[in-house]
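Observations on chain architecture
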Amino acid sequence: GAVVGIGMLVRNAFGRSYAWSGIQGTLGGAQGFSGGAYDHYRGGWFSSSRRNFRPDDGGFSQGLSEQYIAMRRSIRGMGTSLGLQPGSPLRGVTHDFDFATNDMSEEEIAQRLQEEMRAAGNSMAELILTTSAYSRTGEEALDTLARLSGSLDAANSTFDMLGRTLFDASLHGADMASQLADAFGGIEQLTTATTNYFNLFYSQEEQRAYAMEQVTRALAEFDQTVPAT
């Protein structure tokens, strides 16, 4: 009994015991994500706590990195469509997170990671918008940026097709475009209505000329021209 008691005393003083498992990391920077899954061990009286990170054999880190970089590229593109540039590089935005996973299913862990990803996206969107003046009730910065950018792109595409004056690439112009989309019941309804109008009331020659103009623009992005034949 004394030997067992001394053994327990030694373990309590110098050993470590398993406490929980979790995921810790940072979203941002050139890499996109750094961190991973870990097991946390609580230290004894004379030993510190320690985290042992597990080997990343399933491409977990790479998957998060690729997803974050794609989101950052998309957010930068939305800002560009609105004529906005962040005051500081988006690559400098970072988001740290750390949560336990013991009682979570795979679906719950995936959902939590998406929440962390969205939080990082909101930080970048706030950096681009610099104001909440155009946000609607219940919208986060990322929602506002996506709505304004999507409305402006859709409205200007339809105006371009009809040969009308386009909205300015600005927050004010995007807000006007968003209100126009609302009047039609949404972006999809706006696009459908104007496309139907174009097909019904523009001549075949006008429709062909517009199609050729679109092809010319698309090829020009790759420094190509429309073939002569």
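Everything that follows concerns the structure shown earlier in this document.
In short, a report on the structure. Because the structure is predicted, anything quoted here is derived from the model rather than measured.

Focus: helix H6 (residues 187-201)
The end-to-end C-alpha distance of H6, which contains 15 residues, comes to 21 Å, matching closely the 21 Å that a straight helix rising 1.5 Å per residue would cover. Listed as buried for H6 are Leu190, Thr194 and Phe198. Taken around the axis of H6, the buried residues stretch over an arc of 60 degrees, which confines them to a single face. Among the exposed residues of H6, those oriented more than 90 degrees off its buried face are Glu188 and Leu200. The inward-facing, buried residues of H6 contact helix H4 (141-162), helix H5 (171-184) and helix H7 (204-220).

Considering the packing of helix H2 (residues 60-81) against H4
Interhelical geometry of H2 versus H4 gives an angle of 55 degrees and a closest axis separation of 9 Å. Taken together, the axis directions place H2 and H4 in an arrangement best described as oblique. Both H2 and H4 take part in a crossing whose hand is left-handed. Taken together, the residues of H4 that come into contact with H2 (itself represented by Ile75, Met78, Gly79 and Ser81) are Leu142, Leu145, Ala146, Ser149, Leu152 and Asp153. When the residues that make up the contact of H2 with H4 are grouped by side-chain class, the tally is six nonpolar, three polar and one charged.

Some details on the packing of aromatic side chains
All chains considered together, the criterion is met by ten aromatic pairs. Ring centres of phenylalanine 33 and phenylalanine 60 lie 6.1 Å apart, and the angle between their planes is 90 degrees; this geometry places the pair in the edge-to-face category. Residue phenylalanine 33 is found in strand S2 (residues 32-43), and its partner phenylalanine 60 is found in helix H2; the two are separated by 27 residues along the sequence. What makes phenylalanine 33 buried here is its relative accessible area of 1%. A relative accessible area of 26% places phenylalanine 60 in the partly exposed class. The interplanar angle of 40 degrees and the centroid separation of 5.3 Å between the aromatic rings of phenylalanine 159 and phenylalanine 167 together place this pair among those described as tilted. Among the residues examined, phenylalanine 159 registers a relative accessible area of 19% and is labelled buried. One aromatic cluster is present, formed by Tyr197, Phe198, Phe201, Tyr202 and Tyr210 through successive ring pairs.

As for the packing of H4 against H7
In the contact formed by H4 and H7, the axes pass within 10 Å of each other and the chain directions differ by 125 degrees. Classified by the angle between their axes, H4 and H7 sit oblique to one another. Contacts between H4 and H7 involve Ser157, Asp160 and Met161 from the former and Tyr210, Glu213, Gln214 and Arg217 from the latter. Of the residues assigned to the contact of H4 with H7, the class counts are two nonpolar, two polar and three charged.

Section: the sheet that holds strand S1 (residues 16-28)
An order of S3-S2-S1-S4 is seen for the four strands of this open sheet, with the pairing classed as antiparallel. The strands lining the two open edges of the sheet, one partner per strand, are strand S3 (50-53) and strand S4 (94-100). Pairs of neighbouring strands in the sheet enclose a mean axial angle of 30 degrees, with direction left out of account. By the bridge criterion, four bridges tie S2 to S3 in an arrangement that is antiparallel. Each residue of the ladder has a partner; that of histidine 40, found in S3, is arginine 51. Against the sheet, helix H3 (residues 106-129) engages S1 and S4, with an angle of about 160 degrees to S4.

The rules behind the values
- Residues numbered from 1 in each chain as written.
- Predicted model: local features only at pLDDT ≥ 70, side-chain atom pairs only at ≥ 80, totals over all residues.
- Heavy atoms only, no water.
- Helix = DSSP H or I, 4+ residues; strand = E, 2+ residues; numbered from the N terminus.
- Expected span 1.5 Å × (residues − 1).
- Buried < 20%, exposed > 50% of the residue type's maximum accessible area, 1.4 Å probe, protein only.
- Arc of directions from axis to C-beta.
- Contact = heavy atoms within 4.5 Å.
- Axes fitted to C-alpha atoms, helices over the stretch in contact; angles between N-to-C directions.
- Parallel < 35°, antiparallel > 145°, perpendicular 65-115°, else oblique.
- Left-handed = near helix turned anticlockwise from the far one by under 90°.
- Nonpolar A, V, L, I, M, F, W, Y, C, P; charged D, E, K, R; others polar.
- Phe/Tyr/Trp six-rings, centres within 6.5 Å; stacked < 30°, edge-to-face > 60°.
- Pairing = 2+ DSSP bridges.

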